[in-house]
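An overview of the molecular structure
For reference, the chains in residue letters:
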Amino acid sequence: MITLGVVTGILAAIILLAVVYFIQPYSSLKSDFNKTAAQLISETRPETEMFSQQDIAHLPEPVQKYFNHCGYIGTSKMSWMKTEFKDVPFSTGVDKATLTIDYTQYNFVETPNRLAFIDSAMYGIPFQGFDSYNQSVGSMKGVIAKAFTLFDQKGVEMDKACLVTVLAESLYVPNIALQDYITWEAIDDTHAKASITSFSISASGIFTFNEVGKMFEFTTNDRMAVGFDGSKQSIPWSAVYEGYERNENGIFKPTILKAVWHYPEGDLTYFNGKISS
């Protein structure tokens, strides 16, 4: 006969094993993210040139002002960039849970590849996400308890959504803005349209600046809102840049990045992060 003590012991052992599993550092999804990043870095040619006035002469006036106002002219161009955010409020949807996440991303210049990793927890259970735009393929995968897939979104809409995110961040990693796969169109003194094309996929959006060249916002209709449940909705999306500070290299750049869905019933700022490194 199984006694209460035996049952209690078995439950305690199961709980202990679960706790050990959740706190152990290994994650297959994070390993995939790190391996992909390492591979792309190894395939990236180092950049040896400096930003010059000649580089930006063809750009719309507010974009030229941005390069000058932020102090990029005469500084080294980048071939890739890694950015980290800590303890970011991250909404999973309208009237849905808000998580606190750590967020790491890589942006690559020569080919518009972008990787991002979310590390968080849902109800105390580890939740991780891996967003990728790699060689024209966009994807978004979420895993709970480091083993069980919650969603794995792919397809043409995801390809385009991930590509336009590269465009949205092109002035944050400004050597991207100078690449042949991006074209620019003047609008007025404080707005410029940009388009990006990669492997026959194209997307576009509008950047907003102030009079001296500080960039504030990028807005597009080319980023499909894809929910954790696979639902899709075509609505405007914005990347907002705030908190300009001068970094250790003398560059004046934003330290706060927000991502906003412009739903008919009101805006949802689902990502609001300050750069930690």
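Residues numbered from 1 in each chain as written. Predicted model: local features only at pLDDT ≥ 70, side-chain atom pairs only at ≥ 80, totals over all residues. Heavy atoms only, no water.

A separate point is the side chain of S132. Residue position: S132 is located in strand β4 (residues 125–134). Excluding residues within four positions of it along the chain, S132 makes contact with R114, L115, V137, G138, S139 and C162. (Helix = DSSP H or I, 4+ residues; strand = E, 2+ residues; numbered from the N terminus. Contact = heavy atoms within 4.5 Å.)

What follows covers the pairing of strand β5 (residues 137–144). Note on strand geometry: in a regular strand, side chains alternate between the two faces of the sheet. Within β5, six of the eight residues are buried, which leaves it mostly tucked inside the rest of the structure. In the sheet, β4 pairs with β5 via eight bridges, with the strands oriented antiparallel. Its bridge partner being in β5, D131 is matched across the sheet by M140. Joining the antiparallel neighbours β4 and β5 is a turn of two residues, in which Q135 adopts a positive phi near 55 degrees. Two strands pair when backbone bridges link them, and β5 and strand β6 (residues 148–154) are joined in this way by six bridges, in the antiparallel orientation. Within β6, the position partnered with V143 by the bridge is T149. Count of turn residues in the β5/β6 antiparallel hairpin: three residues, of which A145 carries a positive phi of about 60 degrees. (Buried < 20%, exposed > 50% of the residue type's maximum accessible area, 1.4 Å probe, protein only. Pairing = 2+ DSSP bridges.)

By volume, the largest pocket amounts to about 820 Å³. Around the largest pocket sit 43 residues that line it, and F90, M140, R223, W261 and Y270 are the ones nearest its centre. Broken down by element, the lining of the largest pocket gets its largest block of residues, six residues, from β4. When its volume is computed, the second largest pocket comes out at roughly 560 Å³. (1 Å grid on protein atoms, 1.4 Å probe; cavity = no way out; pocket = protein on both sides within 12 Å on 5 of 7 lines; lining within 4 Å. Points joined across faces, edges and corners; volume = space filled by probe spheres on them.)

A few words on the packing of aromatic side chains. For the structure on display, the rule yields 22 aromatic pairs. Seen from their ring centres, W80 and Y106 are 6.0 Å apart, and the 35 degrees between their planes marks the pair as tilted. With W80 in strand β1 (residues 80–91) and Y106 in strand β2 (residues 98–108), this residue pair connects regions lying 26 residues apart in the sequence. Under the relative-accessibility criterion, Y106 is labelled buried at 9%. The interplanar angle of 85 degrees and the centroid separation of 5.4 Å between the aromatic rings of F85 and F271 together place this pair among those described as edge-to-face. (Phe/Tyr/Trp six-rings, centres within 6.5 Å; stacked < 30°, edge-to-face > 60°.)

Below, the discussion takes up the pattern of salt bridges. According to the stated counting rule, one finds ten salt bridges in the structure shown. In this structure, a network of salt bridges that share partners links the residues E49, D55 and K77. (Salt bridge = Lys/Arg side-chain N within 4 Å of Asp/Glu carboxyl O.)

Moving on, we come to the side chain of S204. Mapped onto the elements of the fold, S204 is located in strand β9 (residues 201–209). A residue is classified by how much of its surface remains accessible, and S204, at 19% relative accessible area, is buried.

Another aspect to go through is the nonpolar core. Y66, F67, L171, W184 and F271 are the most contacted members of the largest nonpolar core, which totals 67 residues. Among the elements that make up this core, the one with the highest residue count is helix α5 (residues 156–168) (seven residues). Excluding residues that lie within four positions of it along the chain, F271 makes contacts with F85, V88, P89, F90, I101, Y103, L257, K258 and A259. Judged by nonpolar contacts, the second largest core, of ten residues, contains A37, L40, L115 and F130. (Core = buried A, V, L, I, M, F, W, Y, C linked by side-chain atoms within 4.5 Å.)

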